[in-house]
Amino acid sequence: MTTNASVPGCPVDESFDPLSAQFLADPYAVMAGLPADGAPIFFAPSIGYYVITRYADIEEVFRDPATYSAAAAQAPLVPLVPEAGQILLAGGHKPQPSMVSLDEPEHARLRKPAARAFSMKRVAAMIPAIEATAARLLDGVAGATEFDLVATLAFPLPANVVFSLMGVPGNDFAQLKRWCGYRAALGWGRPAPEDQVEIATGMAAYRGYLRGLVDIKVRAPGDDLTTDLIAIHDEAPERLTLDEISSILFSLSFAGHETTTGLIGNAVRRLLEDPARWAEVVSQPELIPAAVEESLRYDPSVPAWRRVTTRPATLAGVDLPQGARLFLWLAAAGRDAAAFAEPDRFDLHRPEADRHLAFGKGLHFCLGANLGKLEAQIAIAELARRYPRLGLAPDQELTFHPNISFRGPQVLNVRTQ
Ligand code: HEM
């Protein structure tokens, strides 16, 4: 059961809508406009969620999965038309579609083998390929004085990396990327009824494709993570079924690129906003890992994540009923003065930047955090090496995909001199 109305004692903010044009363009302006003392928790009728803004409260939620279930993590924000719902179910897309919104013990069944196959060894082995891909993509704009960083690098690099990791043939990358766009709209946007059937049809095809990929890898193993998962299945088929492998691929294929495209776009934007910042990174590339952490704190590519209460709970001084849906505003946690000194200042030398909650915390802590950070570091290093005088092209208005959880500029025009 979920509640759509606020409880007594909890402020209500009628104007807060994370899908409004104003919020999408500049959520930090909305954040700055909230009452300083009265906003650790408030109810947002626009989405039917309690918004949680403080670092300590969000951390408390992540650390208590028995009280705060992950089941809301990818729930549609709007009711689906019956036809779309039927297409999704028939296509194997259940109400809890993958590990990130499953609770124990179902979550561990998928997480454990995924973590085993997603080893540091496999991630480290990818470094030369990531570097080569970043270089090849930037070679494509060699000589240009201006280019779109997102189309050139931030978008194709993570897609290439994660799809290659899974063993997807190169010809299918573009199709898979399109399906993932549908997924962002379905789970985190507000798709209009007339678009939902098309989205649901795409999702069913996406699921079918991944299940087919598992069958192909059973017949023809490769040097990829899907094949590693099948080896785990072969050890004990009842512990990891082929359908579950396909569900893990469903998690990785999406979580592995939208998030990282956003991270690269946000990080480069923030580094270029102040030419002195970029100059510092160019002259001291050893600062790049810190720059990536600070971007994740200051402007995270997953700015919000969700939970739902399994029982009555007191959070930020408010007594919540069972079924209360929580919008954990990770971007606000990064700007919490109780957690970070001078939180609105982007600081390449901030010692505690990596305490951010941009990858969540606890049982569901992002499986790809190291890979995502590595990709961003390599992208920035390659840009810094090639373009010491890189800058933002003037007069551009940044736009963002209309969803609540995946954020990065859709286009970022940069000048090479
Ligand atoms: C670089 C930017 C990334 C960000 C900001 C990010 C953020 C997140 C967040 C907020 C969660 C939910 C954590 C929670 O509920 O406690 C998550 C989970 C997850 N992420 Fe990431 N992620 C990124 C990159 C990646 C990459 C590159 C991959 C894989 C290739 C990945 C795979 C996953 C998976 C599988 C989960 C679900 C884990 C579980 O439920 O146990 N992520 N991520």
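Above this text you will find the structure in question.
Quick summary incoming for the structure in this document. This one's a predicted model, so the numbers in the text were calculated from it and none came from an experiment.

Glancing now at the packing of aromatic side chains. Applying the stated criterion across every chain yields a total of 19 aromatic pairs. Following the ring pairs from residue to residue traces out a cluster consisting of Phe-16, Phe-23, Phe-42, Phe-327 and Trp-329. For the cation-ring pair, Lys-177 lies above Phe-155, with the distance from its terminal atom to the ring centre recorded as 3.9 Å. Its guanidinium or amino end placed over the ring of Tyr-28, Arg-335 lies 4.2 Å from that ring's centre, counting from NZ or CZ.

At a minimum axis distance of 10 Å, the contact between helix α10 (residues 173–188) and helix α13 (residues 242–255) shows a crossing angle of 95 degrees. With respect to their mutual orientation, α10 and α13 come out roughly perpendicular. Where α10 abuts α13, its residues Cys-180, Arg-183, Ala-184 and Trp-188 lie against Phe-250, Ser-251, Ser-253 and Phe-254.

Let us now look at unusual backbone geometry. Note the cis peptide between Glu-104 and Pro-105, where omega equals 0 degrees. Positionally, Pro-105 belongs in the loop between α4 (82–90) and α5 (106–117). Despite not being glycine, Ala-316 shows a phi value in the positive range, around 50 degrees. In this structure, Ala-316 sits in the loop between β6 (313–315) and β7 (318–320). Backbone geometry at Glu-342 places phi at a positive 45 degrees, although glycine is not the residue there. With respect to the helices, strands and loops of the structure, Glu-342 is situated in the loop between α17 (330–334) and α18 (369–386). Under the relative-accessibility criterion, Glu-342 is labelled exposed at 53%.

What follows deals with the pattern of salt bridges. Considering all chains together, one arrives at 24 salt bridges under this definition. With a shortest N-O distance of 2.9 Å, Asp-139 and Arg-386 are connected by a salt bridge. A residue pair is termed long-range when its members are at least 10 positions apart, and Asp-139 in helix α7 (residues 127–139) and Arg-386 in helix α18 qualify at 247 residues. For Asp-347, the salt bridge goes to Arg-345, with nearest N and O atoms at 3.5 Å. Relative accessible area serves as the criterion here: at 16%, Asp-347 is assigned to the buried category. Among the ionic contacts, a cluster of salt bridges with common partners joins Asp-139, Glu-382, Arg-385 and Arg-386.

Thresholds, definitions, all that
Residues numbered from 1 in each chain as written. Predicted model: local features only at pLDDT ≥ 70, side-chain atom pairs only at ≥ 80, totals over all residues. Heavy atoms only, no water. Phe/Tyr/Trp six-rings, centres within 6.5 Å; stacked < 30°, edge-to-face > 60°. Lys NZ or Arg CZ within 6 Å of the ring centre and 35° of its normal. Axes fitted to C-alpha atoms, helices over the stretch in contact; angles between N-to-C directions. Helix = DSSP H or I, 4+ residues; strand = E, 2+ residues; numbered from the N terminus. Parallel < 35°, antiparallel > 145°, perpendicular 65-115°, else oblique. Contact = heavy atoms within 4.5 Å. Buried < 20%, exposed > 50% of the residue type's maximum accessible area, 1.4 Å probe, protein only. Salt bridge = Lys/Arg side-chain N within 4 Å of Asp/Glu carboxyl O.

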